[in-house]
Amino acid sequence: MTGVSMLAAGVWLLGLGATVESLPTGAAPPALIVPHFPSRVHTFVWRNWECANLDRMGEVVGATPAQVAAVGESMGLPPHRPVSDDELARSYIGIIRRNWHLLPYDQLLTLLHWDADRLAYTLREDDFLWHKLGQLKPACEPVKYAPPDEAAMRRCEEIRGLVAETFDEELRRPAEPRFAFVWELSAPVPDATTGGSAGINPAARRSEDDPIRFLYSYFAVYGDPLVDEKLNPYPDGLLQRLRAVGVNGVWLHVVLRQLAPATDFPEFGEGWQTRLANLRKLVERAGRHGIKIYLYMNEPRAMPAAFFTPERDSMKGVVEGEYVAMCTSSPAVRGWITDALRRVFAEVPDLGGVFTITGSENLTNCWSHYNGGQCPRCSKRMPAEVVAEINAAIAEGVRAGSPKARTLVWDWGWKNEWCDSIIAALPKDVLLMSVSEWDLPINRGGVATTVGEYSLSAVGPGPRAKHNWESAKKAGLKTVAKIQANCTWELSAVPYLPVMDLVARHCEGLVECGVDGMMLSWTLGGCPSPNLELVNMFSRRPAPTAKEALRELAIRRYGPKAAEHVLAAWSAFSRGFSEFPYHGSFLYGGPMQVGPANLLYAEPTGYHATMVGFPYDDVNHWRTVYPAPVFVGQLTKVVDGWGEGLEIWRRVVEAAEAPQERENARRDAGLARAAFLHLQSAVHQARFTLARNALKSATQPAERDTAVAEMARAARDETSTARDMFGLTRGDSRIGYEASNHYYYYPFDLVEKVINCGYILDNWLPKQARRSQ
């Protein structure tokens, strides 16, 4: 990793006194500076207005709170609302992301009120955050306050006027505070049918043999959830609501070296007593609602080279940059894993179990990134042998600590040719989990490709999962399907997508395959929802058909008079979404998550899209295998189908009779429209950026005129989309949020988008038109 010394790598991972200078920088290209604000101070104040307090912003830039407030109000921002400590603790990823191109590390640490150790750990371990940020830190000059000059004040007046003209009516309406959904879903439900607050809800009782249906919290803090008891990842209200829709398990991200001490590794285990005490409380409380806790095992995590002292040389595996795998061909490494898990499960014996990933973005075992041939030990062994062995060591520790706990072995990242051999060598008491839709062949707009994962638009099960489940059954193992029931990286900025036909057909296929359980979400998709209610219907025996389940859900949620309209709308949404131009590059790099808050760039940024972090203007990465006209055409088909569904949904709102049915219809209409606007924005952004690229390569005046006209149309369309999105997101705090990314955007990011589009339309494009004359 460029820009980090070996010593720095050590402090980054282990917290051995990290400094600002030791934090990673990568290639450190120049940061992006936007031209639509009068200065970087104005950009900083605008972007942090909703997520930081005035005194902290002032501390960062060397200004008083009053001066910071004056800067914001000069641009038409409303009076600043103080941000609570709880909100700050839940929004650090969004704060890091929105300041990544603005602040150098020292100022970013001041804003976060963190030390370098904590930021180093977060970048490394918080769901691949360093990858999401592009594995580089843009080079930023310090942002320093200075009184605005005359030109800056004139520009502020222009912005203030635009804000008032465009948003005055909406700004008069009360807004739902960010994270309001956390308090709503945390509140206990007194009705015993959804889990009483006293004792065990009889309806929630479960047998150890019940099929597993587990998912991730809709709002847990991902990185180290067991440190701060106040940031409860699974409050009673959420557990009750999840149990009511059939969920009987939830999972937590953990790092094993933080959960137990180790004689051979004295660096490990700091704070383990606190973490296990909090875990024990959580397991006990979840059990009262009939829900088990599962731990995510992505082990052993790679360590900095400095960790491997001469006496640990026999544990040193594959090298990636300045990180080194703890080689699992070493008995000492496997022994540590088994012993640590034995300790954890003995201390907390009512844990549900673990699920493993042995081939993720994190370097773990020497074959996890397919480079085991570089290890002096693993190079002499087959990959399947190494992968099966580490899973067996994990299962041994779990079993020794708590015989009733289960180990789910996930085949994520395994090469297809490894699978049969790994499965055959696994312990007979583990369950084999596979992504249901993996390797499913699809054809979108005449482009043939296959699904990797995270797809609602393509209905599984696919050939890889079917094959591996069959191999597992032959080996005497039970099977689990990993699906996304609520949302996927196709669009994760709303809690659930109303593509119910696709969800029901997938469940129907899983019933035919006879799987023994389901993982219902990764970090995205953990909200109690009608989608989860629909999935739960297929746990009955005999299971309903898709048609029967859909009709039953429509009547139950919206009433008999609205049901036919509901079914028609769901079908329209599903038909439209099935045209999604699926590809891994678009899934992770496209602008769907940020939606209308992603800026339009009149000049190429030179930056590449990152994994659900920054889409930038990387349209060729977005479209990948799809020719540009096909890519835009497929997205337009999605939007058209969604628009048809929204028109039908108007009749749902009119036909719903009971108060709760009307409320369900109204709130679901808002989420469906938010999804529509995100998808519509992706079309506008693609059109704008393709036209901009055409302008850059144009050689004839007519070509330039055509490109300029299309850019202008797209910018005007995007202005309208951002304006509409502003009202929706202010009225529903769930919109724009995902657990491992926090808020992709805040409401006033959408106002900035309107300012951005206005600057392009009024300042940049007229200059291009004059050049064509």
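Above this text is the structure in question.
Just so it is clear, the structure is predicted and the values come from calculations on it, not from any experiment.

Engineer: Explain the side chain of His36 to me, please; I cannot follow it from the model alone.
Structural biologist: Inspection of the secondary structure puts His36 in the loop between α1 (6-14) and α2 (40-48). A polar contact is formed between the side chain of His36 and the side chain of Glu752, at a distance of 2.8 Å. In this structure, His36 is in contact with Arg155, Ile159, Leu599, Glu752, Ile755, Asn756 and Tyr759, ignoring residues within four places of it in sequence.

Engineer: I keep staring at the pattern of salt bridges and nothing clicks. Help me out?
Structural biologist: Pairs may arise between side chains of opposite charge once their charged atoms sit close together. Tallied over the full model, the rule gives 47 salt bridges. Across the salt bridge formed by Glu87 and Arg81, the nearest N and O atoms sit 2.9 Å from each other. With relative accessibility at 9%, the residue Glu87 sits in the buried group. Using a relative accessible area of 39% as the deciding quantity, one classes Arg81 as partly exposed. Ionic pairing is found between Arg692 and Asp617, a salt bridge with its closest N-O pair at 2.6 Å.

Engineer: Is there a simple way to explain the side chain of Asn741 in this structure?
Structural biologist: Within the fold, Asn741 resides in the loop between β14 (737-738) and β15 (742-743). Since its relative accessible area comes to 0%, Asn741 is described here as buried. There is a polar contact of 2.6 Å between the side chain of Asn741 and the side chain of Glu738. If near-sequence neighbours (up to four positions away) are discounted, Asn741 is found in contact with Ile93, Gly94, Arg97, Lys132, Trp489 and Val612.

Engineer: How should the environment of Pro225 be read in this particular structure?
Structural biologist: Note that Pro225 resides in the loop between β1 (212-216) and α12 (236-244). Given a relative accessible area of 10%, Pro225 falls into the buried group. With near-sequence residues (within four places) excluded, Pro225 lies in contact with Leu231, Pro233, Leu252 and His253.

Engineer: Would you explain the packing of helix α6 (residues 92-99) against helix α7 (residues 105-112) in this entry?
Structural biologist: Helix packing geometry: the angle between the two helix axes and the distance between the axes. The geometry of α6 relative to α7 is characterised by a closest axis approach of 11 Å and an angle of 150 degrees between their N-to-C directions. As far as their axial angle goes, α7 and α6 are roughly antiparallel. For the pair α6 and α7, the sense of crossing is right-handed. For the pair α6 and α7, the contacting residues are Tyr92, Ile95, Ile96 and Asn99 in the first and Leu108, Leu111 and Leu112 in the second.

Parameters and conventions
Residues numbered from 1 in each chain as written. Predicted model: local features only at pLDDT ≥ 70, side-chain atom pairs only at ≥ 80, totals over all residues. Heavy atoms only, no water. Helix = DSSP H or I, 4+ residues; strand = E, 2+ residues; numbered from the N terminus. Polar contact = N/O pair within 3.5 Å; in protein donor to acceptor, adjacent residues only side chain to side chain. Contact = heavy atoms within 4.5 Å. Salt bridge = Lys/Arg side-chain N within 4 Å of Asp/Glu carboxyl O. Buried < 20%, exposed > 50% of the residue type's maximum accessible area, 1.4 Å probe, protein only. Axes fitted to C-alpha atoms, helices over the stretch in contact; angles between N-to-C directions. Parallel < 35°, antiparallel > 145°, perpendicular 65-115°, else oblique. Left-handed = near helix turned anticlockwise from the far one by under 90°.

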